[in-house]
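Letter by letter, the chains look like this.
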Amino acid sequence: MANELDEMNGPIEPNGRDVNVIQKQIPVKVGIGSKIFEVILWVLGIIPGVIFLFMKIKAGIYLRQLQQKIQHDASQIDNYLEQRVMILQNAAKLLDKAIDLDKDTFEKVAMYRGGAHNSDALRNETAQGVDRLFGSINIAYEQYPNLKAHDEIEQCLKQNSYLQKEITASRELYNDTVYTWNAAIQEWPTKMIVAAKNGYTTRIPFTASQEMKEKARGVFF
């Protein structure tokens, strides 16, 4: 039998292909088959029914704990985002140029830190706003070469670079936990049944902003 995926003979896409994360939360649903399965367990005897009941309780505890892990990982990103915004605001003041800062940034950070509805998408939106803020500051910085000798500005940009690396690492950890969640709620029968009963949905991974994608395609050397 031939390999289903043959890297030698294709088909291949010579022009490459860009990919995007779909910003959609998919609810977990189970059909009538799951109901029948649970009924059959009780029909077979009280012991199978009780065993499965305890399995569902255990699955519910696991999913709740996993939600807390997601919140913890998200909080790490939030903390670094807040620090980065403060650094960029300081840089903007030092540049003393008319840079339009996003007034909603701190409000959005506070919203999803407080458990705002659909916080996954809001977190992505806020991070993209911070990226745009840095872009505006960087443009102003490049337009005035004499400012590059300013030690405080240089220090701000170094701190921004460090925080961006920390944000990247935190995003990877967050996305790993989100993947674990998205996979767990699809595990039939226990976790999937519990997830459907509680109205759980898939979570949205952290994604790069359009500005960052465009910069990645640029020529640097």
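The shown structure was predicted, so the numbers you read here are calculated from the model rather than taken from an experiment. (Residues numbered from 1 in each chain as written. Predicted model: local features only at pLDDT ≥ 70, side-chain atom pairs only at ≥ 80, totals over all residues. Heavy atoms only, no water.)

Asks: In this structure, what is going on with the nonpolar core? I would like to understand it.
Replies: Nonpolar side chains in soluble globular proteins generally cluster together in the buried interior. Of all hydrophobic cores here, the largest spans 25 residues; its most connected members are Leu 63, Tyr 174, Trp 181, Ile 185 and Ala 195. Residue assignment for this core shows that the elements contributing at least two residues are helix H2 (46–95), helix H5 (151–184) and helix H6 (190–197). The element best represented in this core is H2, accounting for 10 residues. (Core = buried A, V, L, I, M, F, W, Y, C linked by side-chain atoms within 4.5 Å. Buried < 20%, exposed > 50% of the residue type's maximum accessible area, 1.4 Å probe, protein only. Helix = DSSP H or I, 4+ residues; strand = E, 2+ residues; numbered from the N terminus.)

Asks: Would you mind going over the confidence of the model for the protein with me for this structure?
Replies: For any part of a model where pLDDT is low, the fine detail of the predicted coordinates should not be relied upon. Looking at the protein as a whole, its pLDDT mean stands at 78, while 68% of the residues score no less than 70. Within the protein, the lowest mean pLDDT, 54, falls on helix H3 (residues 105–113), and the highest, 97, falls on H6. Here residues 97–103 is a poorly scored stretch, pLDDT under 50, and it has 10 contacts once near neighbours within four places are set aside; other chains count. (pLDDT = per-residue confidence, 0-100. Contact = heavy atoms within 4.5 Å.)

Asks: Is there a simple way to explain the packing of aromatic side chains in this structure?
Replies: What describes a pair of aromatic rings is the distance from one ring centre to the other and the angle between the planes of the rings. Applying the stated criterion across every chain yields a total of 4 aromatic pairs. Judged by centre distance (5.0 Å) and plane angle (55°), the ring pair of Phe 37 and Trp 188 falls under tilted. A residue pair is termed long-range when its members are at least 10 positions apart, and Phe 37 in helix H1 (residues 32–44) and Trp 188 in the loop between H5 and H6 qualify at 151 residues. Ring centres of Tyr 174 and Phe 206 lie 6.4 Å apart, and the angle between their planes is 85°; this geometry places the pair in the edge-to-face category. Residue Tyr 174 is located in helix H5, and its partner Phe 206 is located in the loop between H6 and helix H7 (210–216); the two are separated by 32 residues in the primary sequence. Summarising the burial analysis for this pair, Tyr 174 and Phe 206 share the class buried. (Phe/Tyr/Trp six-rings, centres within 6.5 Å; stacked < 30°, edge-to-face > 60°.)

Asks: Help me understand the environment of His 72 in this model?
Replies: Positionally, His 72 belongs in helix H2. Sequence spacing of His 72 and Tyr 174 is 102 residues, and the spatial spacing of their C-alpha atoms is 8.7 Å.

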